[in-house]
Amino acid sequence: MTREFPSDEPSKIRKRRPSPGGSWLRHFSVPPASGREILLVVLPHAGGSAGYYRALADSLSQSAEVACVQYPGRQDRFREPPVLDLMTLAHRIAEALGGEGNRPLAVFGHSMGATVGFELSRILESNGNPPVALFASGRRAPGRVRHEVVHQLDDTALLTELRALGGTNGAVLADDEMLRLFLPAIRGDYQAIETYRCTPGASVSCPVTALVGDCDPRVSPDEARDWGRHTSGRFSLRLFRGGHFYLDDHLSSVADLVRSTLVPDGSSDPAPRPQTGQSRS
């Protein structure tokens, strides 16, 4: 689930206004000027940072305001301890989003971020602000459990796991000083996702789109298809050629899919908010 921590280059981050999410949210692109834009909340994978999703944010900048979440324990937040419980993480992100008001928003999460996004969507729904859409990328459905204990491995075994996934820059793995900053956040993220258990019957009312690479070792198409059991709204599954980080090769297609969902038929009006309890179509 890991990917290197790319530099966020804080001096180059462009914000429309000071972020009400404080240290949690990164706004990389100037949003549309209409004042009616959707806020797309992007949730990184385990070990990931907000900066990895800069290209996605730029691709969607004319359709939505994109806020990428920066988890504690990495980059400019490396002095903060990682959050070891996924539900706690979801609640803290919901609190950070409180300053955004009752504006329409959507959620995109990759790998661990997809599960965080599911629980965040449930919290937002219970607070009366259901997302207009949830995009669950590179992650099996919340009710599908694999017994995984990567977070319990010693440092050597954890590094072996990172190298096997091929998702971490070799320069990072070879830099002892970098690793001392990197591994605690990685281990903490793995603990959060590996100890998470979905409440039986938990679901959201918004449409859910599952996206997955067709040779992803972390999730099968069948496991991704079960996201449909966790929404009372519409569900669709999109397969892409590639592995766990299929996003690298299909950024344009993913951005087009998100854009067409958030702004149907090129309309200036965002997708309608779901009504709790709506039937599936």
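Quick notes on the rules
Residues numbered from 1 in each chain as written. Predicted model: local features only at pLDDT ≥ 70, side-chain atom pairs only at ≥ 80, totals over all residues. Heavy atoms only, no water. Helix = DSSP H or I, 4+ residues; strand = E, 2+ residues; numbered from the N terminus. Salt bridge = Lys/Arg side-chain N within 4 Å of Asp/Glu carboxyl O. Buried < 20%, exposed > 50% of the residue type's maximum accessible area, 1.4 Å probe, protein only. Pairing = 2+ DSSP bridges. Right-handed = clockwise from strand over helix to strand, strands pointing away. Core = buried A, V, L, I, M, F, W, Y, C linked by side-chain atoms within 4.5 Å. 1 Å grid on protein atoms, 1.4 Å probe; cavity = no way out; pocket = protein on both sides within 12 Å on 5 of 7 lines; lining within 4 Å. Points joined across faces, edges and corners; volume = space filled by probe spheres on them. Nonpolar A, V, L, I, M, F, W, Y, C, P; charged D, E, K, R; others polar. pLDDT = per-residue confidence, 0-100. Contact = heavy atoms within 4.5 Å.

**A short note on unusual backbone geometry**
Piece 1. Despite not being glycine, Gln75 has its phi angle at roughly 45°, a positive value.
Piece 2. Structurally, Gln75 is set in the loop between β3 (64-69) and α2 (86-96).
Piece 3. We note that Ser111 has phi near 60°; this positive angle belongs to a residue other than glycine.
Piece 4. Relative to the elements of secondary structure, Ser111 occurs in the loop between β4 (105-110) and α3 (112-126).

**Details of the pattern of salt bridges**
Think of it this way: side chains of opposite charge can pair up when their charged atoms draw near.
Piece 1. For the structure shown, the criterion picks out 13 salt bridges.
Piece 2. Across the pair Asp226 and Arg144 runs a salt bridge, and its minimum N-O distance is 2.9 Å. One end of the pair, Asp226, is in the loop between α7 (221-225) and β7 (235-240); the other, Arg144, is in the loop between β5 (134-137) and α4 (155-165), with 82 residues separating them in the sequence.
Piece 3. Asp256 serves as the salt-bridge partner of Arg259, at 2.6 Å between the closest nitrogen and oxygen. Note that Arg259 and Asp256 are positioned in helix α8 (residues 251-262) at a spacing of three residues, about one turn of the helix.
Piece 4. Using a relative accessible area of 24% as the deciding quantity, one classes Arg259 as partly exposed.

**Overview of the pairing of β3**
The two faces of a sheet get side chains in turn, since along a regular strand they alternate between them.
Piece 1. Buried residues dominate β3, accounting for six of its six residues.
Piece 2. Of the two faces of β3, the one carrying Ala64, Val66 and Cys68 and the one carrying Glu65, Ala67 and Val69 are both buried.
Piece 3. Two strands pair when backbone bridges link them, and strand β1 (residues 25-26) and β3 are joined in this way by two bridges, in the antiparallel orientation. Bridge pairing links Arg26 to Cys68 in β3.
Piece 4. The β-α-β motif built from strand β2 (residues 38-43), the intervening helix α1 (residues 54-59) and the parallel element β3 has right-handed crossover chirality.

**Notes on the nonpolar core**
Generally speaking, nonpolar side chains in soluble globular proteins are found buried as a group.
Piece 1. Within the largest apolar cluster, 43 residues are counted, with the highest numbers of intra-cluster contacts made by Leu43, Ile93, Leu120 and Trp227.
Piece 2. Listed by contribution, the elements that provide at least two residues to this core are β2, β3, α2, β4, α3, β5, α6 (176-194) and β6 (208-213).
Piece 3. In terms of residue count, the dominant contributor to this core is α3 (seven residues).
Piece 4. In terms of nonpolar packing, the next biggest core, distinct from the first, is built from 29 residues, Ala57, Ala133, Phe245 and Val258 among them.

**As for empty space enclosed by the protein**
Piece 1. Across all of its chains, the model carries one cavity of 30 Å³ or more by this definition.
Piece 2. In this structure, the largest cavity spans a volume of roughly 100 Å³.
Piece 3. If you go around the largest cavity, you meet 14 residues; those closest to its centre are Arg139, Arg140, Arg144, Ile193 and Tyr196.
Piece 4. Considered class by class, the residues forming the lining of the largest cavity number six nonpolar, one polar and seven charged.

**Some thoughts on the pairing of β6**
Piece 1. Burial within β6 is extensive, with six of its six residues counted as buried.
Piece 2. The sheet contact formed by β5 and β6 spans four bridges and is parallel. Counted as the bridge partner of Ser137 is Leu211 from β6.
Piece 3. Pairing analysis gives six bridges linking β6 to β7, with the strands arranged parallel. Looking at β7, one finds that Leu211 is bridged to Arg238.

**Some thoughts on the confidence of the model for the protein chain**
Piece 1. Within the protein chain, residue pLDDT values average 84, and 79% of them lie at 70 or more.
Piece 2. When the criterion is pLDDT under 50, residues 4-20 qualifies, and its contacts beyond four places in sequence or with other chains add up to 50 contacts.
Piece 3. Predicted confidence for residues 277-281 stays below pLDDT 50, and this span has 12 contacts to residues more than four positions away or in other chains.

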